[in-house]
Structure formats: structure tokens, C-alpha cells
Amino acid sequence: MASSTFPRSATVVMAVLVVAALCGIHGATAQLCENHYADTCPDAYDIVKQVLIEAHQSDERIYASLIRLHFHDCFVQGCDGSLLLDSVPGMQSEKDSLPNKGSARGFPVADAVKAALEAACPGVVSCADILAIASEISVVESGGPSWGVLLGRLDGKTSNFTGSGNLPAPFEDLATLQGKFKAVGLNGDIDLVALSGAHTFGRVQCANVADPPADRLYNFSGTNMPDPTMDSAYRAFLSQRCPRNGDSTVLNDLDPTTPDTFDNHYYTNIEVNRGFLNSDQELKSSPLAQGTTAPIVDQFASSQDAFFASFAQSMINMGNIRPVTDPSQGEVRKNCRRVN
């Protein structure tokens, strides 16, 4: 399938999707559009998809890992591929920051996608667009919705190590999460709840539930007690997986019901107090959630179609965070790990 004709899921209400029909040029800056590579690299989508499917055969976590890369890239100085840059003298990379080091993964797959695209159409498809395309493919291949991926981003020339410290964190409360989403131009309610739904697949380390500053199992908020919002049976299960002072790197399913399927079980889990991360359960259980995020959780738990439609729109919204489209400010990297 050519990049100009992206698939559509019947479960997505396409009317809510704001998709640019044409690439408009305004001075030196172009708008993002679906058919950006229709002439210059028409097989781009298929090329990315083939690499991802092959990678998934040996790594069932890769789809969730790739969408996380796109998220962490866009939230730090916009969707510019800056997360993919390696550290060099004078510039410490975002990938080496605390929120990413040791947990962000999938970089070799991004390299493989870039190599395949460079072989087919050299110097055409940016690394920032690779992350956007890979995210959509990862969701679709896991059973989730499709959306029209807007393309035409250039790659930035810097990485913002310090800025990575402002990424939404798994131990944060609802007010902090809402503030961080609003700070990048996203909605602190619907976009926050919808994009958090990406936790319907993937794995997470014990450190995020059993160690400070999260510690929902043993010393929540310094009380020397577990998080009272966590279902007792689920807490007992996680305590076996993540004993006090145990191996913090042990992996757990974010969604204990359908861990590798993109569906709405993330929300049905939260409804019964089985959210793994504090940031997950806050969407339903925080006093601030009543009248803001909790009704959206309820809606998505009862309607997978509603979740899919909102998730697709929120991914488009996120992909529009400060994209670099001015050639004087960005480039198409030949290697995602370094500037040209």
C-alpha cells in the first residue's frame, strides 16, 4: 500500500478526524499532509510496515515500544526525531535522560526502517515521520484503529536532554499530568485519557509500582502502606511479581487481561482499580478526575469504538506538536542517530 493511501478501520468515526487534504506551502513552511511522499517515496508505508512485522516476529513488545518513542519524541521540543539522536560532545541526548535511559527501546528497529527507506528513496523520508508511521502501523497490527498519518516533518538538529525531564511521569498526579499535556498544546482531559490508552499493550518494570517515587505496593505517598485505590487481589498479585527490595527490572503487563492487543481493556481495568501505574489510576480515582477525566474513562470502558475514534484523533493532535517543516530549521537525516 502506498503512503498516500492509508488504511481505514471500520470502527473509527472518520468524521472526527481532522486530516489535511493537500500539502499547502506558506512561505518556507509546508503543512503536514497524508500524501506527502506520494511522488517521492510512494512505497514508504509498505516499507515501514514490512520492517516492523519482521521485527515483531522476534520481539512482541516492539509495537508498544515504538509508539512510546513517538510520544516521548513529540513531548520534547515537538515531533522532530530528536529522541533518536545519540549523545555527542557538546550535546547530551534525550535518550540518555532519566525518563528514557534503560526503558526507551526500539532504536535498532528505527535504524532498520531508515536503512530500508534510504535504499528505496534516499534522503526523502525523515526520522520524525518514521516514528509517526510506525506508531500507526503498530496500533493497527495489534488490533487497534487506523488514521490518516500526516507527514512532512523534518528532523531537528538538536536533542534536548533537559527538556526530557518534563515528560509526563508514571508516578505523577492528575493535576500535574493535565498541566504537562496543556503545556504542549494538547487537551488535558480527552487527549490525556485517550493517549494514556496506549498502555493497553506493552510491558513495564517493577520499579514503576514498587520503588520510590511511585511505590504503590509498600510505601505509597510515604504512608508505609499500599495505595488504597489499588484492588487488593491485583495488589497481592503484583507483590508476588515485585517483592519489596526485589529486582526492579522485572517486566509486567500494563494490561493484565489482553497484554498484546490494542483494545479498551486498559479502561475496564481502571474501572475496577487495576491500573498498574499511578498515572493510570489517577484518571479515574483522583478527586480531580470527577467531572473531568473519569467520565471519559467510563465512556471508553463501555465503548471501544469511542476510544478508537478519540485515540486516532489524539494521535493526530500529538503528531502536530511543533513539527519542523522549514528547511532552514531542519533536515532529512541520512542516519537517525546523527545529524547530516
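Residues numbered from 1 in each chain as written. Predicted model: local features only at pLDDT ≥ 70, side-chain atom pairs only at ≥ 80, totals over all residues. Heavy atoms only, no water.

- For the chain, an unreviewed UniProt entry supplies the name Peroxidase and the organism Urochloa decumbens.
- Per its UniProt entry, the chain bears the Subcellular location (unreviewed entry) comment "Secreted".
- According to the UniProt record, the Function (unreviewed entry) comment for the chain is "Removal of H(2)O(2), oxidation of toxic reductants, biosynthesis and degradation of lignin, suberization, auxin catabolism, response to environmental stresses such as wounding, pathogen attack and oxidative stress." (UniProt positions renumbered as here; feature names shortened; annotations may be inferred.)

## Considerations on the overall build of the chain
Argument step 1. When helices and strands are tallied, the chain shows 12 helices and four strands.
Argument step 2. In summary, the chain has a C-alpha radius of gyration of 20 Å against a globular reference of 20 Å for 340 residues, a match within 12%.
Argument step 3. C-alpha atoms of the chain, sized along the principal axes, occupy 60 × 50 × 40 Å.
Argument step 4. Expressed as a percentage of the 340 residues in the chain, the buried residues total 53%.
Argument step 5. Once local pairs closer than 6 in sequence are excluded, the contacts in the chain between residues at least 24 apart make up 74%. (Helix = DSSP H or I, 4+ residues; strand = E, 2+ residues; numbered from the N terminus. Rg over C-alpha atoms; globule rule 2.2 N^0.38 Å. Buried < 20%, exposed > 50% of the residue type's maximum accessible area, 1.4 Å probe, protein only. Contact = heavy atoms within 4.5 Å.)

## Re the state of the cysteines
Argument step 1. The tally for this structure, following the rule as stated, stands at four disulfides.
Argument step 2. Here Cys41 is linked by a disulfide to Cys121, with a sulfur-sulfur distance of 1.9 Å. Taken together, the positions of Cys41 in the loop between β2 (29-30) and α1 (44-58) and Cys121 in the loop between α3 (107-120) and α4 (127-141) put the pair 80 residues apart, joining distant regions of the chain. Accessibility assignment for this pair places Cys41 and Cys121 in one class, buried.
Argument step 3. Here Cys127 engages in a disulfide with Cys336; their sulfurs sit 2.1 Å apart. Measuring the twist about the S-S bond at about -100°, one finds the Cys127-Cys336 disulfide to be left-handed. (Disulfide = S-S within 2.5 Å.)

## Comments concerning the side chain of His72
Argument step 1. Position of His72 relative to the elements: it lies in helix α2 (residues 62-74).
Argument step 2. When sequence neighbours within four positions are dropped, the list of residues in contact with His72 reads Leu83, Glu94, Pro99, Asn100 and Leu167.

## Section: the packing of α1 against α4
Two packed helices can be described by the angle between their axes and the distance between those axes.
Argument step 1. Where α1 contacts α4, the two axes come as close as 10 Å, and the packing angle between them is 55°. With respect to each other, α1 and α4 are oriented oblique. With respect to the hand of their crossing, α1 and α4 are arranged in right-handed fashion. Here Tyr45, Val48, Lys49, Leu52 and Ile53 of α1 come into contact with α4, specifically with Ile133, Ala134, Glu136, Ile137, Ser138 and Glu141.
Argument step 2. Partitioned by chemical class, the residues of the contact of α1 with α4 number seven nonpolar, one polar and three charged. (Axes fitted to C-alpha atoms, helices over the stretch in contact; angles between N-to-C directions. Parallel < 35°, antiparallel > 145°, perpendicular 65-115°, else oblique. Left-handed = near helix turned anticlockwise from the far one by under 90°. Nonpolar A, V, L, I, M, F, W, Y, C, P; charged D, E, K, R; others polar.)

## Considerations on the UniProt feature "active site" (unreviewed entry) in the chain
Argument step 1. Taking the UniProt record as the reference, the feature "active site" (unreviewed entry) is found at His72.
Argument step 2. Residue class for His72 comes out buried when judged on its relative accessible area of 7%.

## Concerning the UniProt feature "binding site: heme b" (unreviewed entry) in the chain
Argument step 1. When the UniProt feature table is mapped onto this chain numbering, "binding site: heme b" (unreviewed entry) sits at His199.
Argument step 2. Note on placement: His199 falls in the loop between α6 (190-196) and β3 (203-205).
Argument step 3. Contacts of His199, omitting those with residues within four sequence positions, involve Leu254, Asp255, Tyr266, Leu277 and Asp280.

## Structural notes on the environment of Leu69
Argument step 1. Mapping Leu69 onto the fold places it in helix α2.
Argument step 2. For the pair Leu69 and Phe107, spaced 38 residues apart in sequence, the C-alpha separation works out to 8.5 Å.
Argument step 3. Setting aside residues no more than four positions away along its own chain, Leu69 makes contact with Leu83, Ala104, Arg105, Gly106, Phe107 and Leu131.

## Concerning the packing of aromatic side chains
Argument step 1. Following the criterion strictly, the structure yields 14 aromatic pairs and no others.
Argument step 2. Pairing Tyr267 with Phe300 gives two aromatic rings, centres 5.2 Å apart and planes at 70°, and the pair type is edge-to-face. Residue Tyr267 is located in helix α9 (residues 265-271), and its partner Phe300 is located in helix α11 (residues 294-302); the two are separated by 33 residues in the primary sequence.
Argument step 3. The exposure class assigned to Phe300 is buried, which follows from its relative accessible area of 0%.
Argument step 4. A ring pair is formed by Phe300 and Phe307, whose centres lie 5.7 Å apart and whose planes are at 45°; its orientation type is tilted.
Argument step 5. Members of the aromatic cluster, each reached through a chain of ring pairs, are Trp147, Phe201, Phe262, Tyr266, Tyr267, Phe300, Phe307, Phe308 and Phe311.
Argument step 6. Positioned over the ring face of Phe107 is Lys95, at 4.3 Å from the centre of the ring. (Phe/Tyr/Trp six-rings, centres within 6.5 Å; stacked < 30°, edge-to-face > 60°. Lys NZ or Arg CZ within 6 Å of the ring centre and 35° of its normal.)

## Some points on the nonpolar core
As a rule of thumb, nonpolar side chains are buried together in soluble globular proteins.
Argument step 1. Residues Leu52, Leu117, Val125, Phe311 and Met318 are the most contacted members of the largest nonpolar core, which totals 76 residues.
Argument step 2. Other than its neighbours up to four places away in sequence, Met318 contacts His70, Phe71, Cys74, Phe75, Cys79, Leu186 and Leu195. (Core = buried A, V, L, I, M, F, W, Y, C linked by side-chain atoms within 4.5 Å.)

## As for the side chain of Asp155
Argument step 1. Counting through the fold element by element, Asp155 comes out in the loop between α4 and α5 (174-183).
Argument step 2. The buried charged residue Asp155 lacks any salt bridge, with Arg333 as its nearest oppositely charged partner at 4.5 Å.
Argument step 3. There is a polar contact of 2.8 Å between the side chain of Asp155 and the backbone nitrogen of Ala128.
Argument step 4. Apart from residues lying up to four places away in sequence, Asp155 is in contact with Asp80, Gly81, Ser126, Cys127, Ala128, Gly330, Glu331, Val332 and Arg333. (Lys, Arg positive; Asp, Glu negative; His and termini not counted. Salt bridge = Lys/Arg side-chain N within 4 Å of Asp/Glu carboxyl O. Polar contact = N/O pair within 3.5 Å; in protein donor to acceptor, adjacent residues only side chain to side chain.)

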